[in-house]
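Descriptive structure summary
Residue-level listing of the chains:
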Amino acid sequence: MASSHSIVVISIALILLHNAHSLSITESSRAQTARSRLSEAFRSPSKKLTLHPEIVLPEPSDPTALLLRASEVTKLSQVLRTRAKANAVFVEGTVDALIPMGKEQENARGNFPGPVPIVYSLTDSANLSSSLEQLKTIDGVEGVLLSFFGGKEIASVDAYLEEAKNSAITDMCSAIWDAGLQPIPELVLSPGSEWSEEDVERLVDAVKDTCGGLDPVSIVFTNGAVEESSEESNKEDQEVVKSTPTLSIPDSISKRLAFVGSIRTTAGGGRMNEATSQLSTDKFNGAFLRADCVPGYRLNPDLNVVGGFWSAAIGDLKSLKSKNFSFRSKVKLEKDIPMAWYNYQKDVMESGALGGSGAGADPTLNSDAGDYKGF
């Protein structure tokens, strides 16, 4: 009898301890402000898909490049805000490289267009503490992207719960909130995995528990890598599937936080348009446009080219017009598409990366006039 009584007491103690832990995380006033700004950026009042490009800031190879980096990052920040009109921007790189962008965005507060919220992509969780010490002093930065479980693919809710057992993510989220920022979980889903409305509701509740009992402002969903098929005819379809996670999102859960889906497909042939349309159909709130979308970005991380690309791509994705338009008419408006990007895009088109004029080309496109099939 005493043994039974002891078990009851221990069980109650464990429940109280769990509840106390779940309620231990609170948001500072700055964290609440960050939540408000990110929530506004991730959700559109008109229910349209919001667009968030990923920027990878390269490390300078010499002292001269280091001196020029600040001005290049400042210029890129202005382009993303005024020309590309991104809703938010995810940035990967050193925190030092991020400082000019944060300053440019914060200086735009009260102006039109206003600042674009910055989310810092944490690539090494071991550096979280030192990174937060710097990030909390940089205006314009509102959140930190956390790839849960080191980017390990999750195939089911049970698989998530198993991974979360021995995870230190709760403490990491608490540290981010203490720094006045918002943790944004990224979940990598196994390709081909199916997620019903019930599964999505359980998953979101599990993420909330992992974060310490507080809903994150958003969750980023990314599809895991898909093995390349030997059948060339299916290549384009596979790229769209690889870039677009498939979830059945219940309305009741979408009111709690924003659902953002990753897109990794390389621009051209209308592939980015197809992927964003699929996310919109699946009731996602936003699209995380990864750096992989930029053709050749790893070989040529020129920030001027990157800024020009996102100005053209995001404008194209938001446009309701036909995707068959002439680059020549656009080039006359230098403020819309920089000449550097035009020349780069022309080289890409001539190389055949966006589809050639041979077999399989769309006969309605006039390539001599600069027509192409959209991003």
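Above: the structure in question.
What comes next concerns the included structure. (Residues numbered from 1 in each chain as written. Predicted model: local features only at pLDDT ≥ 70, side-chain atom pairs only at ≥ 80, totals over all residues. Heavy atoms only, no water.)

**Brief notes about the overall build of the protein chain**
To keep things clear, this is the line we draw: The numbering of helices and of strands both runs from the N terminus, where a helix is a DSSP run of H or I of at least 4 residues and a strand a run of E of at least 2. Whether a residue is buried, partly exposed or exposed follows from its accessible area with a 1.4 Å probe, protein chains only, as a fraction of its type maximum: under 20%, in between, or over 50%, in that order. Using the Shrake-Rupley algorithm and a 1.4 Å probe, accessible areas are obtained, with residue cover drawn only from the displayed protein chains.
The helix and strand tally for the protein chain stands at 14 helices and eight strands. Burial analysis of the protein chain (375 residues in total) assigns 47% to the buried set. Of the accessible surface of the protein chain, which amounts to about 18500 Å², a share of 51% is contributed by carbon and sulfur atoms.

**Quick notes on the pattern of salt bridges**
So the rule is basically this: Salt bridges are defined as contacts in which a side-chain nitrogen from Lys or Arg sits within 4 Å of a carboxyl oxygen from Asp or Glu.
One pass over the full model with this rule turns up 15 salt bridges. Arg290 serves as the salt-bridge partner of Glu54, at 3.5 Å between the closest nitrogen and oxygen. Of this pair, Glu54 sits in strand S1 (residues 50-56) while Arg290 sits in the loop between strand S8 (286-289) and helix H12 (303-318), and the two are 236 residues apart along the sequence. Neither Glu54 nor Arg290 differs from the other in exposure class; each is buried. With its nearest N and O atoms 2.6 Å apart, the salt bridge here joins Arg81 to Glu104. Here Glu104 lies in helix H4 (residues 95-107) and Arg81 lies in helix H3 (residues 63-82), a separation of 23 residues in the sequence. Its relative accessible area of 9% is what places Arg81 among the buried residues. Members of the salt-bridge network, linked through shared partners, are Glu54, Glu186 and Arg290.

**With respect to the sheet that holds strand S2 (residues 89-92)**
Here is the rule: Two strands pair if DSSP finds at least two bridges between them. Every axis corresponds to a line fitted to the C-alpha atoms, with the helix fit spanning only the stretch in contact, and the corresponding angles, defined between N-to-C directions, vary from 0 to 180 degrees. Contacts are assigned to residue pairs that have any heavy atoms within 4.5 Å of one another.
What the eight strands build is a closed barrel, ordered S1-S2-S3-S4-S5-S6-S7-S8; its pairing is parallel. Direction aside, the axes of adjacent strands within the sheet are offset by 25° on average. In terms of strand pairing, strand S3 (residues 118-121) meets strand S4 (residues 141-147) through four bridges, oriented parallel. In the sheet register, Tyr120 faces S4, and the bridge partner there is Val144. Where helix H2 (residues 29-42) meets the sheet, its contacts fall on S1, S2, S3, S4, strand S5 (182-189), strand S6 (218-223), strand S7 (258-263) and S8, and the angle it forms with S5 comes to roughly 45°.

**Let's talk about helix H8 (residues 197-210)**
To be explicit about the condition: Here a helix's expected span is defined as the number of its residues, less one, multiplied by 1.5 Å. The arc in question is formed by the directions pointing from the helix axis toward the C-beta atoms.
The end-to-end C-alpha distance of H8 is 20 Å, a good match for the 20 Å that 14 residues give at a rise of 1.5 Å each. Buried within H8 we find Val200, Leu203, Val204, Ala206, Val207 and Thr210. When H8 is viewed along its axis, its buried side chains cluster within an angular range of 160° and face the same direction. Against helix H6 (157-164), helix H7 (169-178), S5, S6, helix H10 (251-254) and S7 lie the buried residues of H8. Gly212 sits one or two positions beyond H8 and adopts a positive phi of about 105°.

**Some thoughts on the nonpolar core**
In globular proteins that are soluble, nonpolar side chains generally tend to be buried together. The criterion, for reference: For our purposes a nonpolar core is just a set of buried Ala, Val, Leu, Ile, Met, Phe, Trp, Tyr and Cys residues, chained together by side-chain atoms within 4.5 Å.
The biggest cluster of nonpolar side chains holds 77 residues, and the ones touching the most others in it are Tyr160, Phe259 and Trp310. Examining the composition of this core, we find that eight residues originate from one element, H12, more than from any other. Ignoring any residue separated from it by four or fewer positions in sequence, one finds Phe259 in contact with Val200, Val204, Ile219, Phe221, Leu247, Ile249, Ile253, Ser254, Phe284, Asn285 and Gly286. Membership of the second largest hydrophobic core comes to 13 residues, among which are Phe42, Phe90, Val119 and Leu145.

**Here we look at the packing of H3 against H12**
The criterion, for reference: Each angle receives one of four descriptions, namely roughly parallel if under 35 degrees, roughly antiparallel if over 145, roughly perpendicular if within 65 to 115, and oblique otherwise. The classification used treats Ala, Val, Leu, Ile, Met, Phe, Trp, Tyr, Cys and Pro as nonpolar, Asp, Glu, Lys and Arg as charged, and all other residues, Gly among them, as polar.
Contact geometry for H3 and H12: axes closest at 9 Å, N-to-C directions at 5°. The pairing of H3 with H12 is recorded here as roughly parallel in orientation. Counting all contacts with H3, which are made through Glu72, Val73, Lys75, Leu76, Val79 and Leu80, the residues of H12 involved are Leu303, Asn304, Gly307, Trp310 and Ser311. Classifying every residue of the contact of H3 with H12 gives six nonpolar, three polar and two charged.

**Some details on unusual backbone geometry**
Most peptide bonds take the trans configuration, and most residues that are not glycine carry a negative phi. That bond from Phe112 to Pro113 is cis: its omega, -5°, falls within 30 degrees of zero. With a phi angle near 55°, Lys85 is a residue other than glycine that sits in the positive phi range. With respect to the helices and strands, the residue Lys85 is situated in the loop between H3 and S2.

**Overview of the pairing of S6**
Across the six residues of S6, six count as buried, placing the element largely inside the fold. When S5 meets S6, the two strands line up parallel, connected through four bridges. Across the sheet, the residue bridging to Val188 is Thr222, located in S6. Here S6 pairs with S7 via four bridges, running parallel. What sits directly across from Ile219, in S7, is Phe259.

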